[in-house]
Amino acid sequence: MTDDELIWRIAGGSGDGIASTSQNFAKALMRAGLHVFTHRHYPSRIRGGHTYTEVRVSADSVTSRGDGYNFLLALGDSFARNPQEDAYYGVEEVKPLSENLDDLHEGGVIVYDTGLLDADDIPNFEERVEANNWHVYDVNLREIAREHGREVMRNTAGVAITCAIADIDPGIIKDMMADAMPEKIFEPNMDVFDDAYETVDSEFDADVPDITVPTGSHDEEQVLVSGSDAIAYGAIDEGCRFISGYPMTPWTEVFTIMSQNLPEIGGVSEQVEDEIAAAALAIGASHAGVKAMSGSSGGGFALMSEPLGLAEMTETPVVLIEAMRAGPSTGMPTKPEQGDLEHVLYTSQGDSHRIVFAPADSEEAYHQTRRAFQIAYEYQIPSIILYDQKNGGELQNLDATVFDEEPNPDLGSTLTEAELEDAPHDPSGKYNRFQHAGENGVSPRSLPGQEGGRYLATGNEHMPAGHISEDPDNRVNQVDRRMEKLEAIREDLENDGQTRNTHYGPEKAQYGILTFGSQQGTVREAIDDLDTEGYHVKMLGVSELAPYPVEEVSSFIESVDEVLVVEMNASAQFRGLTQKELGRYGEKLSSLLKYNGNPFEPAEIVDGFINSIVEDRTLRGNETKYIPAASD
């Protein structure tokens, strides 16, 4: 993080418009030529409960949330559950102010709404303000909003005061509001904005804090997208025209985006009664000849275990999405964690075979979703996109050209009716869909309704025409052929000219950090900070989890003295997978874990690396946990 960044945190209650206000604020600053990155924190409640969004703004590209923040806009919780001091959940109304002080930088800004919040309710508030040199602006945002319109417009008043303090051109915000709001509410919002903006000059000292928004420009048109957006757009561009699902946070965002867009392009979206039906319906649609997907989050994905095994046995291509959240069971539905890695790799019985990608960010989510469809339909195998609430909900700006790739409706290894005429058939006339010998383990499929393409599809082991078979020789031939696909896919991934595993940092570094999925952007920033402090460290961020890139990871580990494995779970699942796949290096691999419901900040990784790897000291606090290498 640099000193000339703005990290703006808007805090309120669920239902107070925190998400929409922060998104419009970020989009306006992106349009002004700046790079933006957002981080969301919200409870698993429809209304009420402390929620906030951070918007990090920089002239340079940013890949992570920052270390703390420097500007707080505290609106209060309009839907607080219980105002009593001895209530089980405390005084929720004031939490948008009281629970956001620990991470505020020295010299930072606090703007709070006196229409709902009273600083006297917060212990030692004045002392903390003085000790940290915070600049406090207590403004009755609700009163300003009510004077010109409705109370909900206090968000606009808060943004206006932010602009006045941080020297943000009001025009860029107003232009954004004009695009986002109907005319009947735009005018009163403008009155609220102007009134609040002028309040800073008329009611507060001229001694303004040293916090301003940097200036910047973009060489290309930018779009503001989340990982959920990118997964949906990648699926649509790759020709997906069917999705089935059941809502479950945080997977619901992908499902919603797909459901909004598919009907406009001739596709179908089905919300069904549960996740078993959702996965089964997608498999049926794919069997019928359409590119299909489904998905869920941890508990819902557990119900997909049996349909997933069915897709593997019948060799029906399908793409499934697994949005991780803190578990087990219901866990913490709206908090990020990477605890479903082993679940996704091994769920379903028997010798299962599947592809698993874990994209790092929105750009990777788009490309890897497209690649997941390509592999699924070429090799007739389930592909899984594994992500979490962090990269699913974070917004970042990307070049619009990222999404300019050509669409691909190709169904992969399927036969035409002309090709079926020359294909092997059973004496009964059925097509030998599951031939023992197939290039790269693939026996091309026919589609229902094709002349000469009739066969049986069953979850039992089967002979080439699909009839149930328990013959030992047939069993070995079928299993070996299905498993052969994984070797072919591994070779395909290594030679397709695309980069999915990210290397970053000096090539000849002494130390390495290994991570996967959504932590990669945060580790990249930590690598830069470590370099500034004189430590030469490099990163390998792995997105290809199955089949595992054994040679690439082995080469990385061998090139350094020690490796710190960074992941968001309590059981070091990625480190365990790496040791299982490589069969060695246990003496080199140590772990830095975090599983309290909040993603890593770059400084936590820097601190974890220095204290545990370099200086062998105990980590401060209880936010992260270090597990040493096997030899230590």
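The numbers attached to residues start from 1 for each chain and follow its sequence in the written order. Note on the predicted model: pLDDT of at least 70 is required for a residue's local features to be given, and 80 or more for side-chain atom pairs to be given and counted; whole-chain, interface and lining totals, by contrast, use all residues. Only hydrogens and water are set aside; all other atoms, that is, all heavy atoms of the structure, feed into the side-chain values.

**Q** Describe in detail the overall build of the protein, supporting the description with residues and values.
**A** Think of it this way: any DSSP run of H or I at least four residues long counts as a helix, any run of E at least two long counts as a strand, and we number them from the N terminus. In terms of regular secondary structure, the protein is built from 21 helices and 21 strands. Its C-alpha atoms give the protein a radius of gyration of 27 Å, within 12% of the compact-globule value 26 Å for 632 residues. Dimensions along the principal axes, computed over C-alpha positions, put the protein at roughly 90 × 60 × 50 Å. By residue count, 57% of the 632 residues in the protein fall in the buried class. Sequence-distant contacts, at least 24 apart, represent 77% of the contacts inside the protein between residues at least 6 apart. Summed over all atoms, the accessible surface of the protein reaches about 25700 Å², with 45% contributed by carbon and sulfur. None of His or the chain ends enter the tally, which takes Lys and Arg as positive and Asp and Glu as negative. We put the charge of a Lys on NZ, of an Arg on CZ, of an Asp on CG and of a Glu on CD. A gap of 6 Å separates the mean positions of the 46 positive and 113 negative side-chain charges of the protein. Computation of the radius of gyration draws on C-alpha atoms, with the globule rule given as 2.2 Å multiplied by the number of residues to the power 0.38. The classification of residues rests on relative accessible area computed with a 1.4 Å probe and restricted to protein chains. Under 20% of the type maximum is buried, over 50% is exposed, and intermediate values are partly exposed. The contact definition used throughout considers only heavy atoms, calling two residues in contact when any of these lie within 4.5 Å. Values of accessible area rely on a 1.4 Å probe in the Shrake-Rupley scheme; residue burial ignores everything except the protein chains shown.

**Q** An account of a negative patch on the surface is needed here, citing residue identities and associated values.
**A** A grouping of Asp118, Asp120, Asp121, Glu126, Glu127, Glu130, Asp138 and Glu203 is seen on the molecular surface, where their side chains present a negatively charged patch. Examining the composition of the negative patch, we find that three residues originate from one element, helix H3 (residues 125-132), more than from any other. You can call Glu130 exposed: its relative accessible area is 70%. Excluding any residue in a salt bridge, patches collect residues exceeding 30% relative accessible area, merging like charges within 9 Å and nonpolar Val, Leu, Ile, Met, Phe, Trp and Tyr side chains within 5 Å. What makes a salt bridge here is a side-chain nitrogen of Lys or Arg within 4 Å of a carboxyl oxygen of Asp or Glu, nothing more.

**Q** Outline the environment of Tyr69, supporting the account with residue identities and numerical values.
**A** For Tyr69, the position within the fold is in strand S4 (residues 69-74). Its relative accessible area of 0% is what places Tyr69 among the buried residues. In sequence terms Tyr69 and Pro547 are 478 residues apart; their C-alpha atoms lie 39 Å from each other. Beyond its immediate chain neighbours, meaning those up to four positions away, Tyr69 contacts Ile7, Arg9, Glu54, Asn100, Leu101, Asp103, Leu104 and His105.

**Q** Any details on helix H17 (residues 472-494)? Residues and values, ideally.
**A** The span you would expect from a helix comes to 1.5 Å times its residue count less one. The end-to-end C-alpha distance of H17, which contains 23 residues, comes to 34 Å, matching closely the 33 Å that a straight helix rising 1.5 Å per residue would cover. Within H17, the full set of buried residues consists of Asn474, Gln478, Val479, Arg481, Arg482, Lys485, Leu486, Ala488, Ile489, Arg490 and Leu493. Here a polar contact means two N or O atoms within 3.5 Å. Within protein one must be a hydrogen donor candidate and the other an acceptor candidate, and residues neighboring in sequence count only if both atoms are side-chain atoms. By the N-cap criterion, in which a side-chain oxygen at the helix start approaches the backbone nitrogen of a residue two or three places on, H17 is capped by Asp471, the distance to Asp473 being 3.2 Å.

**Q** I'd like a rundown of the nonpolar core, residues and numbers included.
**A** If you look at the biggest cluster of nonpolar residues, it comprises 83 residues, and the most contacted ones within it are Met258, Met293, Leu386, Leu514, Leu545 and Phe574. The dominant element in this core, judged by the number of residues it contributes, is helix H14 (residues 362-379), at eight residues. Apart from the residues lying within four places of it in its own chain, the contact partners of Met293 are Ala235, Cys240, Phe242, Ile243, Ser244, Val254, Met258, Ala282, Val319, Ile321 and Phe373. Residues belong to a common nonpolar core when they are buried Ala, Val, Leu, Ile, Met, Phe, Trp, Tyr or Cys residues joined through side-chain atoms within 4.5 Å. Core analysis: the second largest hydrophobic core is formed by 46 residues, Ile161, Cys163, Ile168 and Phe186 among them.

**Q** Outline the pattern of salt bridges, supporting the account with residue identities and numerical values.
**A** This structure, assessed with the given rule, holds 36 salt bridges. Across the pair Arg45 and Glu92 runs a salt bridge, and its minimum N-O distance is 2.9 Å. You can see Arg45 sitting in the loop between strand S2 (35-41) and strand S3 (50-58) and its partner Glu92 sitting in the loop between S4 and helix H2 (95-98), a full 47 residues away along the chain. With relative accessibility at 21%, the residue Arg45 sits in the partly exposed group. The exposure class of Glu92 is buried, given its relative accessible area of 4%. Between Glu315 and Arg481 there is a salt bridge, with the nearest N and O atoms lying 2.5 Å from each other. Remark: Arg481 occurs in helix H17 and Glu315 occurs in the loop between helix H12 (305-314) and strand S11 (318-324); sequence separation between them is 166 residues. Bridged by salt links that share partners, the residues Arg371, Arg490, Asp492, Glu494, Asp496, Arg500 and Glu544 form one connected network.

**Q** Before we move on, can you summarise the side chain of Glu5 with the specific residues and values?
**A** Within the secondary structure, Glu5 is located in the segment before strand S1 (6-13). There is a polar contact of 3.0 Å between the side chain of Glu5 and the side chain of Arg56. If we skip the residues at most four places from it in the chain, Glu5 touches Arg56, Val57, Ser58, Val62 and Asn70.

**Q** Can you lay out the domain arrangement of the protein for me, pointing to particular residues and giving the numbers?
**A** Assigned domains of the protein: these are domain 1 (5-203), domain 2 (223-403), domain 3 (417-496) and domain 4 (502-627). Relative to domain 4, the C-alpha centre of domain 3 lies at a distance of 41 Å. With both chains or domains summed, domain 3 and domain 4 bury close to 380 Å², and 55% of this area falls on carbon and sulfur atoms. At the boundary of domain 3 and domain 4, one finds one salt bridge. In this document the domain limits rely on a domain assignment from an automatic tool or a database. What gets called buried area is simply the loss in accessible area from a 1.4 Å probe that two parts show on being joined, summed for both.

**Q** Could you give an account of the sheet that holds strand S10 (residues 292-297), with specific residues and numbers?
**A** What links the strands of a sheet is backbone hydrogen bonding, and the strands pair in either a parallel or an antiparallel sense. Strand pairing follows a simple DSSP-based rule, namely that at least 2 bridges must link the two strands. Read from one edge to the other, the open sheet built from seven strands follows the order S9-S8-S10-S11-S13-S12-S18, with strand pairing classed as mixed. Every other strand in the sheet has two partners, leaving strand S9 (268-271) and strand S18 (544-546) as the edge strands with one partner each. Mean inter-strand twist for the sheet, computed between neighbouring axes without regard to direction, equals 20°. Relative to S18, strand S12 (residues 355-357) runs antiparallel, the two being bridged by two bridges. Looking at the pairing, Phe357 lines up with Glu544 of S18. What counts as an axis is a line fitted to C-alpha atoms, over the stretch in contact for a helix, and the angles between N-to-C directions run from 0 to 180 degrees.

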